[in-house]
Structures are given as C-alpha cells and as structure tokens.
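Each chain is listed here by its residues.
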Amino acid sequence: MRILPIAYLLIIALSFAQDIPSLLKSKGCFSCHDVEKSKIGPPYKVVAREYKGKPDAVKTLVQSITGGSVGKWQGLAKKYGVRIGAFYMPRQPVSKEEAEKIAKWILSLEK
Ligand code: HEC
C-alpha cells in the first residue's frame, strides 16, 4: 500500500500548519477584537481594509502586535465608521514569527 505513508505525511503536515483563530483565542486577542464587529479594538476585517496592498503592511502590523499601538485608530475608526473602546493596545505576548502569521492572516481577510 503506497497510500498509507502519504496519508500519514499529510496528517503530520496538517498538524504543523498553525490554526490562526485558535492561536488568537489562546492569546486572548478575541477579548478585545472580533473579525467583523467593533469591540475594544478594531475588527480584523477593517484592519485588513486599511492595510491591504500597503507595502509595509505585515511589518507595521507585526510592530503593533509585538510592540503595542497607541492612538492610531482614533481617526481610522471614524474613517471606517467603527467604534473603538480603548486608546491603545499594550504589547501582546506573541513571538515575532507568530505575529507575522497573524498579520498575514488578518490581511487575507480582505479580498
Ligand atoms: C486589551 C485589549 C486588546 C487586546 C487583548 C488585543 N488588542 Fe489589538 N488592539 C486593541 C486596540 C485598542 C487597538 C487600537 C490601537 C490604536 O488605536 O493604536 C488594537 C489594534 C490592533 C491592530 C491594528 C494595529 C495597527 O497598526 O493599526 C492589530 C493588528 C491588532 N490589534 C491585533 C491584535 C492581536 C493579534 C492580539 C492578540 C495577540 C490583540 N490585538 C490583542 C486592543 C487589544
């Protein structure tokens, strides 16, 4: 049977692929963010709309996630008609590698 080794490899590959929503959940991001709705922080789809196509989008978002972000969304919230419940986001306990995956996932929400 040649199919079994292939099936095993596939299962191993899939288990290594990081499931971003569960990572966000385990890091507590969803207590302040929703994909669609206004919460304490901007909805991820709106973040995607703001940054999609900008050359430094991933770098900027990684910087905000790992270093914190202050005051940026006061004006942006008005621009997109969303509500923000805090003036700043403290730096988040994720590695740079995790933050990069998260940033790419957020940007992929805007087609
Ligand atoms: C305590 C509430 C809170 C938590 C927890 C939180 N955020 Fe935020 N987040 C905010 C707020 C408030 C802003 C808007 C900051 C601003 O105006 O500069 C924001 C902004 C952002 C932005 C946009 C940054 C930018 O440069 O425009 C991203 C991306 C983001 N958060 C991702 C995350 C991720 C990923 C996590 C979890 C690891 C997380 N946030 C956890 C409150 C939070």
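Our structure is the block above this text.
Residues numbered from 1 in each chain as written. Predicted model: local features only at pLDDT ≥ 70, side-chain atom pairs only at ≥ 80, totals over all residues. Heavy atoms only, no water.

Moving on to the environment of Lys101. Residue position: Lys101 is located in helix 6 (residues 96-107). In this structure, the C-alpha to C-alpha distance between Lys101 and Val58, residues 43 residues apart in sequence, is 9.0 Å. (Helix = DSSP H or I, 4+ residues; strand = E, 2+ residues; numbered from the N terminus.)

For the structure on display, the rule yields six salt bridges. The salt bridge involving Glu98 is made with Lys27; its shortest N-O contact spans 3.9 Å. One end of the pair, Glu98, is in helix 6; the other, Lys27, is in the loop between helix 2 (20-26) and helix 3 (44-51), and 71 residues separate them in sequence. Each of Glu50, Lys54 and Lys79 takes part in one network of salt bridges that share partners. (Salt bridge = Lys/Arg side-chain N within 4 Å of Asp/Glu carboxyl O.)

Our next topic: the nonpolar core. Counting 26 residues, the largest nonpolar core has Leu24, Tyr44, Tyr51, Trp73, Ile102, Trp105 and Ile106 as its most contacted members. Sorting the residues of this core by element identifies helix 2, helix 3, helix 4 (57-67), helix 5 (72-80) and helix 6 as the ones contributing at least two each. Counting residues per element, this core draws most heavily on helix 6, which supplies six residues. Not counting the four nearest positions on each side in its chain, Ile106 is found in contact with Tyr44, Val47 and Ala48. (Core = buried A, V, L, I, M, F, W, Y, C linked by side-chain atoms within 4.5 Å. Buried < 20%, exposed > 50% of the residue type's maximum accessible area, 1.4 Å probe, protein only. Contact = heavy atoms within 4.5 Å.)

The ligand sits among 26 residues. The nearest are Cys29, Cys32, His33, Ser64 and Met89. The contact in question runs from an oxygen atom of the ligand to an N or O atom on the side chain of Lys72, over 2.6 Å. Within the side chain of Trp73, an N or O atom sits 2.7 Å from an oxygen atom of the ligand. Broken down by secondary-structure element, the contributors of at least two residues to the shell around the ligand are helix 3, helix 4, strand 1 (69-70), helix 5, strand 2 (88-89) and helix 6. Broken down by element, the residue count for the shell around the ligand peaks at three residues, all from helix 4. Looking at the shell around the ligand, its residues break down into 18 nonpolar, seven polar and one charged. (Near = heavy atom within 4 Å. Polar contact = N/O pair within 3.5 Å; in protein donor to acceptor, adjacent residues only side chain to side chain. Nonpolar A, V, L, I, M, F, W, Y, C, P; charged D, E, K, R; others polar.)

This part is about the coordination of the iron atom of the ligand. Within the protein, His33 (NE2) and Met89 (SD) serve as the donor atoms for the iron atom of the ligand, at 2.0 to 2.2 Å. One can describe the site at the iron atom of the ligand as octahedral: its six donor atoms subtend angles covering 87 to 179° at the metal. Taken together, the residues His33 in the loop between helix 2 and helix 3 and Met89 in strand 2 connect sequence positions 56 residues apart. Among the residues examined, Met89 registers a relative accessible area of 23% and is labelled partly exposed. (Donors = N, O, S within 2.8 Å, 3.2 Å for Na, K, Ca; no water. Tetrahedral: all angles 85-135°; square planar, octahedral: opposite > 155°, others 65-115°.)

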